[in-house]
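Chain by chain, the residues:
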2 protein chains.
Amino acid sequence: MVDLSLESIEIPAGKKVGQPASAKRREGASDAASPMVTAFREHELVFAEGDAASQRYEIIDGAVMLFKVLPDGRRQLVELLGPGEMFGLTCDDEHDCSAETLVATRLRSNRRLDCSEVPAAVCAMCQQLQEKVKNLHEHTVILGRKSAMERVVSFLLRLAEMSNAKRANGHIRLAMTRQEMADYLGLTIETVSRSLSDLRRRGLIVFDKADWFHIADREGLELLSGDC
Amino acid sequence: MVDLSLESIEIPAGKKVGQPASAKRREGASDAASPMVTAFREHELVFAEGDAASQRYEIIDGAVMLFKVLPDGRRQLVELLGPGEMFGLTCDDEHDCSAETLVATRLRSNRRLDCSEVPAAVCAMCQQLQEKVKNLHEHTVILGRKSAMERVVSFLLRLAEMSNAKRANGHIRLAMTRQEMADYLGLTIETVSRSLSDLRRRGLIVFDKADWFHIADREGLELLSGDC
DNA sequence: CGAAAAGTTGATGGCTTTCAAGTCGTGTGG
DNA sequence: CCACACGACTTGAAAGCCATCAACTTTTCG
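Bear in mind the structure is a predicted one, so any value in this text is a computation, not a measurement.

Draft legend 1. Inspection of the protein's contact with DNA strand C at higher detail. Surrounding DNA strand C, one finds 16 residues, the nearest of these being Arg178, Ser193 and Ser197 of chain A together with Ala148 and Thr191 of chain B. The sugar and phosphate moieties of DNA strand C supply 65% of its atoms located within 4 Å of the protein. The side chain of Ser197 of chain A places a nitrogen or oxygen atom 2.5 Å from a phosphate oxygen of DNA strand C. The separation between a base nitrogen of DNA strand C and a polar side-chain atom of Glu190 of chain B is 3.1 Å. Among the elements of the structure, α4 (189–201) of chain A together with α4 (189–201) of chain B are those that each provide at least two residues to the surface near DNA strand C.

Below is the structure:
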C-alpha cells in the first residue's frame, strides 16, 4: 500500500497559519508537457468540484483529502491521499470532487494523458476505472451522509437514469432483492421495504407488477434525494 | 454514464432457477490471448474475494454486483455493473471482492493486460486507479456496515499501517481535525471524540501530545475493527 | 395446493445525532 | 509574562432515526 505520511513538511512561506477550509484554490498550472512542482500550505484548496480538469496531480510529500459537499452543506471525504499517490484523474472535463491539503504539501502537476498516445484497449480500461472511481465517490456520499429515504431515492433515480438510456417508456426493472438493495445502501431489508412503501403511498413511484415500477413524480423524488 | 440495464436476457439453459448466493463459481477461463464469452444464470458467482485474479471481465449483457463480506457475515455491495462495464481489474494477484450476477448475464473474459505492453506512465496510472478502487471498496464497507467505534478503529489502524511504513517507532500523527475525521467516517465530531476518548480510557491508544498518539494494544484494537 | 422464500408492517430498543455547556490549547495583545 | 479570546475538543442529556425482533402477507415454485 502506498505510504500516507501525515507529517507536515516545512514550507518557507511567511504566513504559517493555514487558511480556513474556504481557502481559494491555487493555480499550480503546468504548461503542455512540463511537469511542475507547487508547494501548498495546510488546508489549501487545490481544486474544487466542478473545476475544469486540465491537470492531474501527484503528491511528492504531505497529504491531500478529496471531498464532496451536498447542497445543504453535508460534507463527505471520499479519499485520503499521501506521498506517491495521484489525484485529479478523471474521464470528464471537470473534477467530480474538491481537493484540499491536510498538511503542507508539495504537488507535481502534469497535463492529462492523451488517449491517442496509448493502445485503445488500455485507454478504455483507464476510462472504465475513472468512471468506477467517480461512481464510488458518489456512493461514498450516499453511505456516509444520506438518510435511509435519501439513499433509496438516490438509488431509484440512478436506476432510472441508467434504464432510460435504453428504454424511454419509463418502466424500470428492479432486478434485485430487498436484501441486495439493503446491502448496497447500507440499510436493512425492513428499512428499504418501508421506504419503498412510503414512496408508493405518497404516489411518487408506482409498482406495475412484481419487480417492475415507474416513476410518477420525478421532481418529488429529486427533492427527496438530498442532491438538490 | 454507462448503461446499466437490469433486464434479464434469455439463457437457453435447462434449469432456470438461480442458485442461492452460495453458488459455486464458474470457471469461464480464457486461454492466453483469446477472449471468451461465458453465459451465467442469475445469482451465479463469477469469482469470490481472495480468488486468483487471472481474468478480467466485461459485461456483454445482464448485470453484476461486486460485494465484500465481513467475518461476522455483514455484507456490503460495492459496485453495481451493467452492459459494457468491466470488473475483475486489480493491481493484486487476487480479487478484493466477490462478483455475482444479478440476472442472467453474458461475460467476455480476457487475460489481464501486461504492463510491459504499455508506456510506464500509463501503467503507473492504471495501477494507481486500481489501488484507489480497492481502497474505495474498503471504505464503502466501513461506511455501509460498520458501527461508529469500528469505523474509528479501522481508521486508526489504517493510519498506523501507513505511517509505520516510514517510521517504526509507532508514533502516529493525526493530522486531521475531528471534523475531517467525522466527515471521512460518516459520523459527527462528537461521536468521533467519544470513540477516541473511550479507546484512550480503555488503554488501547495513548495520546502523547496534541495530535500525536500511539497504539498501546494492537490486538485489542483489531478485535474492535470488525475485520476479525 | 402447499411449502418455502421474499416482502411488508408493527412495536420496541439502541446507537448515533443533536443540542448544550464546559474544558483545553494556542496565539494575541496588554 | 499573563490575561484574554477564539477555535478545537470533550462531555452530558435528550431526541430521533434506524435496527432488531416478531408476526403476518404475498409470491414463487415444486
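Draft legend 2. Structural detail: the environment of Cys123 of chain B. All names here are of chain B. Assignment of secondary structure puts Cys123 in helix α1 (residues 120–145). Between the alpha carbons of Cys123 and Leu113 there is a distance of 9.8 Å; along the sequence they are ten residues apart. Not counting residues within four places of it along the chain, the set of residues in contact with Cys123 comprises Cys115 and Val118.

Draft legend 3. Seen up close, the environment of Leu221 of chain B. Residue and element names in this part refer to chain B. Relative to the helices and strands, Leu221 resides in helix α5 (residues 218–224). A relative accessible area of 0% means that Leu221 is categorised as buried. With near-sequence residues (within four places) excluded, Leu221 lies in contact with Val153, Leu157, Leu199, Leu204, Ile205 and Ile215.

Draft legend 4. Structural view of the sheet that holds strand β9 (residues 171–173) of chain B. Residue and element names in this part refer to chain B. Read from one edge of the open sheet, three strands run β9-β11-β10, paired in antiparallel fashion. Bordering the open sheet on either side are β9 and β10 (205–209), each of which pairs with just one other strand. Each adjacent strand pair in this sheet contributes to an overall mean axis angle of 35°, direction not counted. Note: β10 against strand β11 (residues 212–215), four bridges, orientation antiparallel.

Criteria and cut-off values
Residues numbered from 1 in each chain as written. Chains lettered and ligands numbered in written order. Predicted model: local features only at pLDDT ≥ 70, side-chain atom pairs only at ≥ 80, totals over all residues. Heavy atoms only, no water. Near = heavy atom within 4 Å. Polar contact = N/O pair within 3.5 Å; in protein donor to acceptor, adjacent residues only side chain to side chain. Helix = DSSP H or I, 4+ residues; strand = E, 2+ residues; numbered from the N terminus. Contact = heavy atoms within 4.5 Å. Buried < 20%, exposed > 50% of the residue type's maximum accessible area, 1.4 Å probe, protein only. Pairing = 2+ DSSP bridges. Axes fitted to C-alpha atoms, helices over the stretch in contact; angles between N-to-C directions.

Such coordinate-based values are descriptive only and should not be taken to indicate function.
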